[in-house]
Structures are given as structure tokens and as C-alpha cells.
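Coordinates in review
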Amino acid sequence: PVPVLAVVGRPNVGKSTLVNRILGRREAVVQDIPGVTRDRVSYDAEWNGRAFTVVDTGGWDPDARGLAERIKAQAEIAVGLADAVLFVVDASIGITDADEAVVRVLRKSGKPVVLTANKVDDERAEIEAYGLWNLGLGEPHVVSALHGRGSGDLLDAVLEVL
Ligand code: GDP
Ligand code: MG
């Protein structure tokens, strides 16, 4: 079986945009993982000749009460299924309570985590990502999922831990 990369993070940080970026021009193959709901959708991906499954997560209402708890529960399921985790934060906003809830799940899991600082659309915005070193999850990989900036380096880092 190919390794599984789960993409987790609070709503609106750009997880799905990043998944599309990872999939590139390939036709995404949507497949259901047995026993789980549409909260997680998995796709066949490939980088540098290596195949892996990328799991996009979501499916909750960003305005729901108890959002951090819901995100935490979802992250626990997705991380449990994964060999490695792509943790996405929005560098233009910084860390929120919901992000912190996910960080606790990641720490507990012991799974390899690649920290992704998304929405770094230009060089000027890179400074906003430096504070993410404080999360203790290693180097924040700065990307713009929207424009593709940094996505190749990010995938290289993913393959190192997957
Ligand atoms: P998700 O809820 O984490 O899956 O986030 P989405 O992928 O749906 O993106 C949420 C919003 O952020 C959308 O309006 C995206 O266009 C926007 N977005 C995603 N990535 C970037 C980025 O790199 N830069 C900017 N400026 N916006 C982005
Ligand atoms: Mg999404």
C-alpha cells in the first residue's frame, strides 16, 4: 500500500487549494476510505516518481459552536489514518485557538509533521511565518497554494518523512 499524507488544519487556511496544487494537472481520483465520511477525501498523488495518497480534511461549518473541539476530533481521525501529516496554517493570520487544538493532536500522535505556512504570496509576506518556529514543529515551509510558490520544496520535504 502507498503511504498516506493527511492534510489537516482549521477551516479556510487553504488545505483544499494546497491539495489541488499537490495533485497538479492530474485528474484527481476521489475514493472513499472505508468507514469514514466525506469529512475526509483521498486522492492518488505522485511526486518525483513516488506515489502516495493525500487525504484532504474538512466538512465542518467554520461558524459552528465548539469549532476547536470539532477540528480536534477530525484531526485525530485523519492523523490516525496517516503515515505523515501536512499541517497547514494561514501565515497571514497567525496561530489561533483552533490551530493550537490541532497542534496538541499532532504532538500526541508522534507522527511526522510538515509545518506549512500558507498564503505567503510574496517575499514580503515571508516574515510573517518566522513566528511559527515557536510552535516547536520544526521549520515552517512557506508556500502560496494559490500561486504555487514553494510547493515543490514542500513536497520534497514531505517525501523525506513519508
Ligand atoms: P480549506 O478550508 O483549508 O480547505 O481552505 P480552501 O482551500 O478552501 O481556501 C480558503 C480560501 O483561502 C479560498 O478563498 C482560497 O482561495 C484562499 N487561499 C488558499 N490558498 C491561498 C494562498 O496561498 N494565498 C491566498 N492569498 N489565498 C489562498
Ligand atoms: Mg477544504
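Residues numbered from 1 in each chain as written. Chains lettered and ligands numbered in written order. Predicted model: local features only at pLDDT ≥ 70, side-chain atom pairs only at ≥ 80, totals over all residues.

An unreviewed UniProt entry lists the protein chain under the name GTPase Der, from Nocardioides faecalis.

1. Side note on the pairing of strand β1 (residues 4-8)
For clarity, the threshold we go by: The exposure scheme places C-beta atoms from the backbone and then counts, for each residue, the other C-beta atoms within 10 Å of its own, assigning buried at 20 or more, exposed at 12 or fewer, and partly exposed in between. What counts as a helix is a DSSP run of H or I of at least four residues, what counts as a strand is a run of E of at least two, and both are numbered from the N terminus. In this scheme, strands are said to pair when DSSP sees at least two bridges between them.
Within β1, four of the five residues are buried, which leaves the element mostly enclosed by the surrounding structure. Pairing of β1 with strand β3 (residues 50-57), which is carried by four bridges, proceeds in the parallel orientation. Residue pairing for β3: V7 is matched across the bridge by D56. Examined bridge by bridge, β1 and strand β4 (residues 84-90) share four bridges and lie parallel to one another. The residue of β4 that forms the bridge with V8 is F87.

2. A word on helix α3 (residues 97-109)
Put simply, the rule is: Residue count minus one, scaled by 1.5 Å, sets the expected span of a helix. By construction, the arc corresponds to the directions joining the helix axis to the C-beta atoms. Residue pairs are scored as contacts if the distance between their C-beta atoms, which are placed from the backbone, is within 7 Å.
Compared with the 18 Å implied by 1.5 Å per residue over 13 residues, the 19 Å span of α3 between its first and last C-alpha is a close match. Taken together, the buried positions of α3 are A98, D99, V102, V103, V105 and L106. Around the axis of α3, the buried residues are gathered within 160° of arc, so they sit on the same side. Among the exposed residues of α3, those oriented more than 90 degrees off its buried face are D97, R104 and K108. Elements that come into contact with the buried residues of α3 comprise β1, α2 (67-81), β4 and β5 (113-118). A positive backbone phi angle near 70° is found at G110, which sits one or two residues after α3.

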